[in-house]
Amino acid sequence: MSATVAVILALAAGTYVLRLAGPVLHGRVTLPARVRELLSAGAVVLLVALLATGALTEGGGFAGWARPAGVLAGAVLAWRRAPFAVVVLGAAGVAALLRAVGVE
Amino acid sequence: MRSAQRTSGSPGSPPPDPSPARDPELLRDVVLVGLAGGIVGVSFGAISVAGGLPVWVPVVMSLVVYAGSAQFSAVGVLLAGGGPLAAAATGLLLNTRLAAFSLAVAQIVGRGWPSRLLGAHLVTDETVAFALAQQDPARRRAAFWLSGCALFALWNAGVLAGALAGTALGDTAVYGLDAAFPAVLAALVLPALREDAGLRRAALPGAALALAVTPVVPTGVPVLLALAGLLLHRGGARPEGRPA
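Note that this is a predicted model, so its numbers are computed, not measured.

(A) Quick peek at the overall build of chain B. Across its full length, chain B holds eleven helices and zero strands. For chain B, buried positions account for 53% of its 244 residues. Just so you have it, chain B exposes about 9600 Å², and 70% of that area is on carbon and sulfur atoms.

Right, dumping it as structure tokens:
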């Protein structure tokens, strides 16, 4: 369990330092516009990759049909500007429904 | 998130309110996004405990790390047997965006050290989006602190509830909770992808690369390799003040 504690502490400390960068550096440093642009673009690239792998894969293999179908339903809801809670419940609901009728 | 953007886009924004903290529209959006965060928190707590982690792990992690996607990915790597180093590195790399976000809201958070130190912990995708969607400084400050406190409280309450219910819930796949997190990510990134072709050129090949290498590289690495997509990023027409 000490490995888990180390993960939590490292993640907590590192995350806090990243979050503190703005308030601490405010008024002292200005990042070049291109760097700021790449930082925010990189965040979106990471999130889209996490979305794709999280929707389609599980333990290095295909996650089955129910989960991607649920995520797709959530994505369609999000695209149609449905409220956040509807997106979350819609995705979970579709995946649960498919599993209930035997689609894995 | 979505409702925050709708607020920003509403035609003829209301005149500056002397007490923005009592603005009913802002409060409604904050509560909605907070409740959504709470629901995702329940799924995080439940998935962690159902995957075999003790109850305190998701609960403590949510209080001190307080970054949903990084927590999901770190726990995902842990449960997949990816090792502690990969788990922490994946989460931290995901959180590098928070440095950019914290620069964006530095002025909103305030100048005093207590508010800087406390406000920094509340910097999330949602609070930054909420704050930047407001028109004047007073409303921005109110939106940041209101959404920050509401999200922190509801996220952690949700995680605790989910962790306690986790074993009682049994296999969370039955409830489709595994589909919830990718759907949340979709809701967060679709607005940016919809508007920014440069971003699409970087993100879509990056995601395809991540999917292609998933069967052959250790857990957590595919997402990092997706950053290669940035080589295709030319810088699109992102509107000013728009968070990722």
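(B) How the structure looks around helix H5 (residues 84-109) of chain B. Residue and element names in this part refer to chain B. Taking 1.5 Å of rise per residue, the 26 residues of H5 would be expected to cover 38 Å, yet its terminal C-alpha atoms sit only 33 Å apart, more than 12% below that figure. Where H5 bends most, at Leu103, the angle is about 40°. Remark: Gly110 follows H5 within two positions and exhibits a positive phi of approximately 120°.

(C) Up close: the pattern of salt bridges. Within this structure, the stated rule accounts for three salt bridges over all chains. The salt bridge involving Arg67(A) is made with Glu58(A); its shortest N-O contact spans 2.2 Å. The buried category is assigned to Arg67(A), whose relative accessible area is 9%. Salt-bridge contacts for Arg99(A) lead to Asp178(B); the nearest nitrogen and oxygen are separated by 2.8 Å. Placement of Arg99(A) in helix H4 (residues 84-100) and of Asp178(B) in the loop between helix H8 (137-169) and helix H9 (180-195) is noted, with the two residues assigned to different chains. Each member of the pair, Arg99(A) as well as Asp178(B), is classed as buried. Put simply, Glu58(A), Arg67(A), Arg99(A) and Asp178(B) are held in one network by salt bridges that share partners.

(D) Highlighting the nonpolar core. The biggest cluster of nonpolar side chains holds 81 residues, and the ones touching the most others in it are Met61(B) and Phe144(B). Excluding anything up to four places from it in sequence, Phe144(B) contacts Val105(B), Ile108(B), Val109(B), Gly119(B), Leu122(B), Val123(B), Thr127(B) and Ala131(B).

(E) Region of the structure containing the packing of aromatic side chains. Overall, the coordinates contain five aromatic pairs over all chains when judged by the stated rule. Plain terms: the ring middles of Phe62(A) and Trp65(A) are 5.1 Å apart, the flat faces sit at 75° to each other, and that makes the pair edge-to-face. Centroid distance Phe44(B) to Phe72(B): 5.2 Å. Interplanar angle 75°. Geometry classified as edge-to-face. Here the residue Phe44(B) occupies a position in helix H2 (residues 24-50), and Phe72(B) occupies one in helix H4 (residues 68-79), the gap between them amounting to 28 residues. The burial state of Phe44(B) is the same as that of Phe72(B); both residues are buried.

(F) Quick peek at a nonpolar patch on the surface. Residues Val5(A), Leu9(A), Trp56(B), Val60(B), Leu63(B) and Val64(B) make up a contiguous nonpolar surface patch of roughly 470 Å² in combined accessible area. The element contributing the most residues to the nonpolar patch is helix H3 (residues 56-64) of chain B, with four residues. Considering the arrangement of structural elements, one finds Leu63(B) in helix H3.

Rules and cut-offs
- Residues numbered from 1 in each chain as written.
- Chains lettered and ligands numbered in written order.
- Predicted model: local features only at pLDDT ≥ 70, side-chain atom pairs only at ≥ 80, totals over all residues.
- Heavy atoms only, no water.
- Helix = DSSP H or I, 4+ residues; strand = E, 2+ residues; numbered from the N terminus.
- Buried < 20%, exposed > 50% of the residue type's maximum accessible area, 1.4 Å probe, protein only.
- Areas by Shrake-Rupley, 256 points an atom, 1.4 Å probe, with all protein chains shown as cover.
- Expected span 1.5 Å × (residues − 1).
- Bend = angle between axes of the 7 residues up to and from the residue.
- Salt bridge = Lys/Arg side-chain N within 4 Å of Asp/Glu carboxyl O.
- Core = buried A, V, L, I, M, F, W, Y, C linked by side-chain atoms within 4.5 Å.
- Contact = heavy atoms within 4.5 Å.
- Phe/Tyr/Trp six-rings, centres within 6.5 Å; stacked < 30°, edge-to-face > 60°.
- Patch = residues over 30% accessible without salt bridge, like charges linked within 9 Å, V, L, I, M, F, W, Y side chains within 5 Å.

Purely geometric numbers; function is a separate question.
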